[in-house]
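Secondary and tertiary structure notes
Residue-level listing of the chains:
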Amino acid sequence: MIKRSFRSKLLVFYVLSVMFAMIVLILASNYIYRPMLILDTRDSMISYSRLITRTYTSGSATLKRTLDMLDSSHDIQSVIYNENMEVILNSAEDIYPESYKMKMLGEWMDLYSAEKRTDGTFFDEVVENTDNLSRAVYICNIGEGEYLCMSKVVKSIDQAVSIATNIVAIGAVLLVIIVTVLWNALTKPYMLQLQKMSVVTKNMARLNF
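Residues numbered from 1 in each chain as written. Predicted model: local features only at pLDDT ≥ 70, side-chain atom pairs only at ≥ 80, totals over all residues. Heavy atoms only, no water.

1. Quick word on the nonpolar core
The line we're drawing: The definition of a nonpolar core used throughout is a set of buried Ala, Val, Leu, Ile, Met, Phe, Trp, Tyr and Cys residues joined through side-chain atoms within 4.5 Å. Think of it in three bands: residues with accessible area under 20% of the maximum for their type are buried, residues over 50% are exposed, and the middle band is partly exposed, with areas taken using a 1.4 Å probe on protein chains only. Here a strand is any run of E in DSSP of at least two residues, a helix any run of H or I of at least four, and the numbering for each starts at the N terminus. Here, residues are in contact when the closest pair of their heavy atoms is within 4.5 Å.
Met45, Ile52, Ile80, Leu148 and Met150 are the most contacted members of the largest nonpolar core, which has 18 residues in total. At the level of elements, helix H1 (2-55), helix H2 (60-74), strand E4 (135-143) and strand E5 (146-153) are the ones that each hand at least two residues to this core. Residues contacting Leu148, with those up to four places away along its chain left out, are Ser49, Ile52, Ser78, Val79, Ile80, Tyr138, Ile139, Cys140 and Ile142. Grouped together as the second largest cluster of nonpolar side chains are 13 residues, Trp108, Tyr112, Val126 and Cys149 included.

This is how it looks when you write it as structure tokens:
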């Protein structure tokens, strides 16, 4: 009984260890992995904004192609507008009604005015948008009274985090099941032998030969 109890305790300790590791990894996915993806999005937007700024002097046709390329290949919607909130170029002209676009731009410009950095840029994950989608938003000044606003829906980031979380959870459950089955299958014969030896030892101690 002592051996059986030790075997059970060892198995329980293993299961609890795996569950603890699973919880740690899930928390890491949400509080480390997700912020890293957001920061990677910010760095990409900064890099693309430099490309757009260089292209800005090449004419509207070249600039429009650049904006469309970023929108189609990186899901980044870019808008160039002036301080009077007049849109100069937009990579997502047909996605949202004009009233939606202008309302969101107004909300983001208010944030830009209140929270812009010393270098004249702004980046944040804006949760409360007109379309109820959480977005990563980057705004910078690219000329006299002209601004570039880049936004990306973070739904894809949340999906990546959700996939990672599900993989960790499913992997932990499968690992517990497999190891439990193998543990029982491999240790059962030895436990039977130990039990027989225990009976013999007790009989010998009682001088029962």
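We are not done yet, so read on.
2. Regarding the environment of Leu111
Within the secondary structure layout, Leu111 lies in helix H3 (residues 98-115). Here the alpha-carbon distance between Leu111 and Ile139, two residues 28 residues apart in the chain, equals 9.7 Å. Those residues in contact with Leu111 that sit more than four places away from it in its chain are Lys116, Phe122 and Val126.

3. Considering the pattern of salt bridges
Stated precisely, the cut-off is as follows: The term salt bridge refers to a side-chain nitrogen of Lys or Arg lying within 4 Å of a carboxyl oxygen of Asp or Glu.
One pass over the full model with this rule turns up 5 salt bridges. In this structure, Asp158 and Arg34 form a salt bridge, with 2.6 Å as the shortest nitrogen-oxygen distance. Of the two residues, Asp158 sits in helix H4 (residues 155-205) while Arg34 sits in helix H1, which places them 124 residues apart along the sequence. On the basis of relative accessible area, Arg34 is assigned to the buried category, the value being 18%. Note that Asp119 is salt-bridged to Arg117, the shortest N-O span being 3.7 Å. What makes Asp119 exposed here is its relative accessible area of 51%. Arg117 sits in the exposed class, given a relative accessible area of 55%. Because the salt bridges share partners, they merge into one network encompassing Arg34, Glu125 and Asp158.

4. Looking at the sheet that holds strand E2 (residues 87-90)
Basically, it comes down to this: Pairing between two strands is assigned when DSSP locates at least 2 bridges connecting them. For every element, the axis is a line fit to its C-alpha atoms; helices are fit only across the contacting stretch, and the angle between N-to-C directions ranges from 0 to 180 degrees.
Across the sheet, 5 strands lie side by side as E2-E1-E5-E4-E3; this open sheet has antiparallel pairing. Lying at the two open borders of the sheet, with one neighbouring strand each, are E2 and strand E3 (121-126). In this sheet, adjacent strand axes meet at a mean angle of 20° when their direction is disregarded. In this structure, E4 lies alongside E5, joined through 8 bridges in antiparallel fashion. Bridge pairing in E5 links Ile139 to Cys149.

5. Side note on the packing of aromatic side chains
Formally: Here the aromatic set is Phe, Tyr and Trp, taking the six-membered ring for Trp, and pairing holds for ring centres within 6.5 Å; pairs whose planes are under 30 degrees apart are stacked, those over 60 apart are edge-to-face, and all others are tilted.
Enumeration according to the criterion identifies 2 aromatic pairs in this entry. A centroid spacing of 5.6 Å and a plane angle of 75° characterise the contact between Tyr112 and Tyr147, whose relative ring orientation is edge-to-face. Here Tyr112, found in helix H3, pairs with Tyr147, found in strand E5; they are 35 residues apart in sequence, far enough to count as distant. Its relative accessible area of 4% is what places Tyr112 among the buried residues. Classification of Tyr147 as buried rests on a relative accessible area of 13%.

6. Here's the deal with the state of the cysteines
Definition in use: Working definition: a disulfide is two cysteine sulfur atoms within 2.5 Å of each other.
In total, this model carries 0 disulfides according to the counting rule given. No disulfide involves Cys140; its sulfur sits 9.2 Å from that of Cys149, the nearest cysteine. Residue class for Cys140 comes out buried when judged on its relative accessible area of 6%. With relative accessibility at 1%, the residue Cys149 sits in the buried group.

7. Regarding the side chain of Lys152
Here is the rule: Asp and Glu are treated as the negative residues and Lys and Arg as the positive ones, with His and the ends of the chain left uncounted.
Take Lys152: it is sitting in strand E5. The side chain of Lys152 is buried and forms no salt bridge, while Asp75, the nearest opposite charge, is found at 5.6 Å. Those residues in contact with Lys152 that sit more than four places away from it in its chain are Thr41, Met45, His74, Asp75, Ile76, Ser134, Arg135 and Ala136.

8. Some details on the environment of Leu51
Following the sequence through the fold, Leu51 ends up in helix H1. As for Leu51 and Thr66, which are separated by 15 residues in sequence, their C-alpha atoms are 8.5 Å apart. When near neighbours in sequence (up to four residues on either side) are disregarded, Leu51 contacts Thr66 and Met69.

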